[in-house]
Amino acid sequence: MTVTSRHGAAATVTLLCWLLIVFDGYDLIVYGTVLPALLEEPGWGLDPGSAGLIGSLAFVGMLVGALLAGFLTDRLGRRRTILACTVVFSVCTAICGLAPGPVVFGLFRLLAGLGLGGLVPAASALGAEFVPARYRPVVATLMMSGIPIGGSIAALVGIGVLPAAGWRPMFGIALLALVLVVPVCLFRLPESPAWLRGRGRIAEAEIVEARYGVPPEPATATPAAAGPGELFRGPYLRPTVLFAVATAATLFTWYGLGTWLPQLMRTAGFELGPALGFLLALNLGAVAGSVLAAAVAVRFGAAGTGVAACLLASAGLLVLLTGPGVAGSYLALVLAGIGTHGTQCLIIAMVAGRYPAAMRGTALGVALGVGRIGAVAAPQVGGLLLAAGLGVNANFLIFALAAAAAGAVLLMIRRPVGEPRPEGVPA
């Protein structure tokens with residue numbers, strides 16, 4: 001098969017999954033963008049504590065969605081799971097814009113979270129199986145740059161839309177994923193040949209491999225569509241636990257900032273426009289982090305790069321405690337975005353390279369699903385700290401400590417003697 005056709009397949013899969021993840025990122029971060037407006041919505045009676053609870057509901061849904069979709073990805077296929085998750089999060093997010101009160105709004109944020117959490121493990125598994133193992137960190141990080149790009153779009157759209165039309169139209173934009181991207185995916189997004197082989201559909205796998213120039217993935221002793229329990233036995237137990245803990249700490253920082261940063265900056269004395277500008281800086285830093293992490297990881301390895309990225313994020317957040325001024329705050333938040341999201345991209349790439357094809361989707365689902373505990377806790381913790389009168393700096397300090405903790409866990413990820421290396425990628 002030609003190199004061109006193989007690269008074209010990788011580009012097609014990566015691009016389509018990336019576009020869906022952009023909408024995933026928009027739908028995630030849009031809540032933080034509209035949160036100051038929701039706190040002032042007549043008749044809703046929200047305070048920082050209740051707003052934090054609503055913010056956590058989406059991440060509860062993401063926790064369940066990642067665990068469920070990770071398993072379904074290995075059972076039903078990557079492609080079908082990706083499309084189903086996109087439909088769920090697009091429709092439920094759009095309905096949030098019609099909610100008459102906080103109860104209905106929170107319910108559909110919870111339901112949207114099922115799709116939001118399920119998309120990433122399914123898309124990451126599919127993308128990993130169309131490139132050589134060496135370049136999986138590149139594809140994973142570039143694909144995951146869609147989340148902060150979506151968040152950046154939410155901040156930019158909010159600067160223009162919120163003052164003119166209020167918060168409700170911000171959620172209707174989610175339907176664009178169904179109109180613009182899903183129809184293309186129905187015709188151009190292939191199923192993973194590695195998954196087809198694992199399900200015994202050899203003829204179909206060979207057709208995909210021939211059409212897209214994808215080499216067959218080496219067979220492993222792992223049974224097809226292994227259940228989540230396989231990850232917690234034998235040589236996979238230690239990395240499974242460590243990946244989940246590192247993900248929880250990283251997502252605590254990333255989604256805590258994504259939920260509360262505009263309100264924290266408003267509390268610190270900034271108007272809504274500049275406060276959304278700080279959220280934009282965080283997300284642009286995350287985009288840069290995706291690219292930088294990919295380039296550095298190919299040269300120096302994902303684990304070491306992840307440790308350095310965590311320390312960078314922690315340092316940036318600690319700088320905010322000193323009151324560095326507007327320019328210094330922008331720079332600190334760019335560093336925080338580089339470190340937090342860059343690290344999460346690397347963790348996904350590490351998981352994709354550590355487990356065989358039959359376990360890959362489930363492993364990604366467990367890492368991201370259990371890791372969502374950090375994302376669930378972050379909006380609540382941020383709201384409780386504000387409600388307790390501990391101020392803005394308490395939030396930045398606890399997010400900085402979580403980033404440092406993620407780096408410490410990544411230092412512990414070492415391959416014990418005898419642990420299989422199905423993909424031949426150094427962690």
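Preceding this section is the structure that the text describes.
What this report covers is the structure whose coordinates are included nearby.

Reading guide: rules and limits
- Residues numbered from 1 in each chain as written.
- Predicted model: local features only at pLDDT ≥ 70, side-chain atom pairs only at ≥ 80, totals over all residues.
- Heavy atoms only, no water.
- Salt bridge = Lys/Arg side-chain N within 4 Å of Asp/Glu carboxyl O.
- Buried < 20%, exposed > 50% of the residue type's maximum accessible area, 1.4 Å probe, protein only.
- Phe/Tyr/Trp six-rings, centres within 6.5 Å; stacked < 30°, edge-to-face > 60°.
- Helix = DSSP H or I, 4+ residues; strand = E, 2+ residues; numbered from the N terminus.
- Core = buried A, V, L, I, M, F, W, Y, C linked by side-chain atoms within 4.5 Å.
- Contact = heavy atoms within 4.5 Å.
- Axes fitted to C-alpha atoms, helices over the stretch in contact; angles between N-to-C directions.
- Parallel < 35°, antiparallel > 145°, perpendicular 65-115°, else oblique.
- Left-handed = near helix turned anticlockwise from the far one by under 90°.
- Nonpolar A, V, L, I, M, F, W, Y, C, P; charged D, E, K, R; others polar.

1. Here we look at the pattern of salt bridges
Phase 1: According to the stated counting rule, one finds one salt bridge in the structure shown.
Phase 2: Note that R201 and E204 form a salt bridge whose closest N and O atoms lie 2.9 Å from each other.
Phase 3: Classification of R201 as partly exposed rests on a relative accessible area of 31%.
Phase 4: Residue E204 is classed as partly exposed on the basis of its relative accessible area, which comes to 37%.

2. Details of the packing of aromatic side chains
Aromatic ring pairs: the centre-centre distance and the angle between the two ring planes describe each pair.
Phase 1: Under the definition given, this model contains 11 aromatic pairs.
Phase 2: Between F278 and Y330, the aromatic rings sit 4.5 Å apart at their centres with planes inclined by 25°, giving stacked as the arrangement. Of this pair, F278 sits in helix 12 (residues 272-300) while Y330 sits in helix 14 (residues 325-354); the two residues are 52 residues apart in sequence, bridging distant segments of the chain.
Phase 3: Looking at F278, the relative accessible area reads 0%, which means it is buried.
Phase 4: Ring pairing ties together the aromatic residues Y31, W44, F105, W167 and F171, which thus form one cluster.

3. Considering the nonpolar core
Phase 1: I82, F105, Y255 and F396 are the most contacted members of the largest nonpolar core, which has 121 residues in total.
Phase 2: Among the elements that take part in this core, helix 1 (residues 3-39) stands out by supplying 15 residues, more than any other.
Phase 3: Dropping the residues within four chain positions of it, Y255 is found in contact with L28, F59, M62, I147, R372, A375 and A378.

4. Thoughts on the packing of helix 13 (residues 302-320) against helix 14
The description of two packed helices rests on the angle between their axes and on the distance between the axes.
Phase 1: The N-to-C vectors of helix 13 and helix 14 enclose an angle of 155°; their axes lie 7 Å apart at closest approach. With respect to their mutual orientation, helix 13 and helix 14 come out roughly antiparallel. With respect to the hand of their crossing, helix 13 and helix 14 are arranged in left-handed fashion. From helix 13, A302, A303, T305, G306, A309, C310, L312, A313, G316, L317, V319 and L320 reach across to helix 14, where they touch S329, A332, L333, L335, A336, I338, G339, T340, T343, L346 and M350.
Phase 2: By residue class, the composition of the contact of helix 13 with helix 14 is 16 nonpolar, seven polar and no charged.

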